[in-house]
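Residue-level structure breakdown
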Amino acid sequence: MTASTSSPRATGAAVSGVPATRLGPSFDLTAPPAPAAPAPAPAVRVANVSQRYGRGPLVLDDISLDIAPGEFVCLVGASGCGKSTLLNLIAGLDRPAAGTITTPGAGAAVMFQESALMPWLTAQRNVELALKLRGVPRRPRATRARELLDVVALTDAAHKRPHELSGGMRQRVALARALAQERPVLLMDEPFAALDAITRDLLHEELERVWRATGCTVVFVTHNVREAARLGQRVVMLSSRPGRVAREWRIAKTEGRRIESPEVAALSVEITRHLREEIGRNAA
Ligand SMILES: Nc1ncnc2c1ncn2[C@@H]1O[C@H](COP(=O)(O)OP(=O)(O)O)[C@@H](O)[C@H]1O
Ligand SMILES: [Mg+2]
């Protein structure tokens, strides 16, 4: 796995990495190479963050992680290693015991395993509610909600209530609602864990499409290694008790990946091996 992260909005690549078509007609090949532009400020910066609950043991220990604008990062680790704790800190739902977290001023949208839709509202109205909370006026609200339901392939289910929808459809509504918030960062905590494998594959494709189209930054928590290898441009593995960044993988080519792709399988095998070692160390 090579070390090259490219993201839809990432800028600041060295000139050698810029496709010739983007250099423009005035680019002088005889000129000395321009100095590499500074790396863009990270969309999310986690700096030396530690966390514990009450007087309990340290759950996260000195985590530092920079996530570039437009990057898709998956966080993997054993159950209970602190993935949700870290995501909740990034979401601003909790404060770290030590260290700092920086996110864009506009903040992040969060999506959980449970869709947490309003049961008495239709899919359309659930999405409209998020728009209303942003102050979008009624008329454009309805139009925008329909567009977002189109994006997640739910056009025909707009008038159904959550109990009339399958689990996959409910998570699609939750995704549309998260997108309605128009935040630059999307935080996802095992959002597809309760879905069957085929529905999950479809949602992976949809999420990837939405991510490429919007250029948002995604932090996706999962204990499913294969899912992380399928989705991430970078996979960050946390150790357990306490949670630390144990290792990370960067994936150079992410286009066209499928859950059954050989490169996804190979990366899953490697991550799983390291995860097993990590779990073994803890059990010892
Ligand atoms: N609100 C809480 N109060 C006390 N302990 C908690 C709380 N939330 C999580 N923990 C503990 O912190 C550790 C990490 O939990 P969590 O972040 O949920 O892990 P993960 O999401 O990786 O499964 C676990 O040992 C869990 O029991
Ligand atoms: Mg969790």
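Before any of the text, the structure's been laid out above.
So, here is what we can say about the structure in this document. Since this is a predicted model, take the numbers as computed values, not measurements.

Side note on the nonpolar core
Val127, Ala176, Val219 and Ile271 are the most contacted members of the largest nonpolar core, which totals 67 residues. Those residues within four positions of Val127 in sequence are excluded, and the remaining contacts are Ala145, Leu148, Leu149, Val173, Ala176, Arg177 and Ala180.

Focus on the environment of Ala266
Structurally, the position occupied by Ala266 is in helix 7 (residues 262-283). Residue classification places Ala266 among the exposed positions, given that 12 C-beta atoms sit within 10 Å. Linking Ala266 and Arg226, residues 40 residues apart in sequence, is a C-alpha distance of 9.6 Å.

Focus on the environment of Arg200
Along the polypeptide, Arg200 turns up in helix 5 (residues 197-214). When the 20 C-beta atoms within 10 Å are taken as the criterion, Arg200 is described as buried. For Arg200, the residues in contact, after removing those within four places along its chain, are Phe192 and Leu195.

Examining the sheet that holds strand 2 (residues 58-67)
The strand order across the open sheet built from 3 strands is 2-1-4, with neighbouring strands paired in antiparallel fashion. Taken across any chain shown, the strands that pair with only one partner, and hence form the sheet edges, are strand 2 and strand 4 (98-102). Each strand of the sheet is rotated relative to its neighbour by a mean of 15 degrees, with strand direction disregarded. Where helix 1 (residues 83-91) meets the sheet, it contacts strand 1 (44-52), strand 2 and strand 4, and its direction lies at approximately 125 degrees from that of strand 1.

Examining the site of ligand 1
What surrounds ligand 1 is the set Tyr53, Gly56, Val59, Gly77, Ser79, Gly80, Cys81, Gly82, Lys83, Ser84 and Thr85. Among the elements that make up the shell around ligand 1, the one with the highest residue count is helix 1 (3 residues). When grouped by side-chain class, the residues that make up the shell around ligand 1 number 3 nonpolar, 7 polar and 1 charged.

What about the packing of helix 3 (residues 138-151) against helix 4 (residues 167-180)?
Orientation of helix 3 relative to helix 4, taken along the N-to-C sense of each, is 130 degrees, at an axis distance of 9 Å. On the basis of the axis angle, helix 3 is oblique to helix 4. In the packing of helix 3 onto helix 4, the handedness of the crossing is right-handed. Where helix 3 abuts helix 4, its residues Leu148, Leu149 and Val151 lie against Ala176, Leu179 and Ala180.

Section: the sheet that holds strand 8 (residues 234-238)
The strand order 5-6-7-3-8-9 describes an open sheet built from 6 strands, whose pairing is mixed. Looking at the sheet topology across the chains shown, the edges are occupied by strand 5 (108-111) and strand 9 (245-250). Between one strand axis and the next, the sheet turns by 15 degrees as a mean value, whatever way the strands run. Of the strand pairs in this sheet, strand 6 (residues 185-189) and strand 7 (residues 217-222) are connected by 5 bridges, and their pairing is parallel. Across the sheet, residue Leu186 finds its bridge partner in strand 7, namely Val218.

Some remarks on unusual backbone geometry
If a residue is not glycine, its phi is most likely negative; likewise, a peptide bond is most likely trans. Residue Pro242 is bonded to the preceding Arg241 through a cis peptide linkage, with omega at -5 degrees. Within the element layout of this structure, Pro242 appears in the loop between strand 8 and strand 9.

Let's talk about the packing of helix 2 (residues 123-133) against helix 3
Taken N-terminus to C-terminus, the directions of helix 2 and helix 3 make an angle of 120 degrees; their axes are 9 Å apart at the nearest point. Compared by their axis directions, helix 2 and helix 3 come out oblique. Both helix 2 and helix 3 take part in a crossing whose hand is right-handed. Counted together, Ala123, Gln124, Val127, Glu128, Leu131 and Lys132 of helix 2 and Arg141, Ala142, Arg144, Ala145, Arg146, Leu148 and Leu149 of helix 3 form the full contact between these two elements. Residue classes in the contact of helix 2 with helix 3 are distributed as 7 nonpolar, 1 polar and 5 charged.

Conventions and cut-offs
Residues numbered from 1 in each chain as written. Chains lettered and ligands numbered in written order. Predicted model: local features only at pLDDT ≥ 70, side-chain atom pairs only at ≥ 80, totals over all residues. Core = buried A, V, L, I, M, F, W, Y, C linked by C-beta atoms within 7 Å. Buried ≥ 20, exposed ≤ 12 C-beta atoms within 10 Å, placed from the backbone. Contact = placed C-beta atoms within 7 Å. Helix = DSSP H or I, 4+ residues; strand = E, 2+ residues; numbered from the N terminus. Pairing = 2+ DSSP bridges. Axes fitted to C-alpha atoms, helices over the stretch in contact; angles between N-to-C directions. Near = placed C-beta within 6 Å. Nonpolar A, V, L, I, M, F, W, Y, C, P; charged D, E, K, R; others polar. Parallel < 35°, antiparallel > 145°, perpendicular 65-115°, else oblique. Left-handed = near helix turned anticlockwise from the far one by under 90°.

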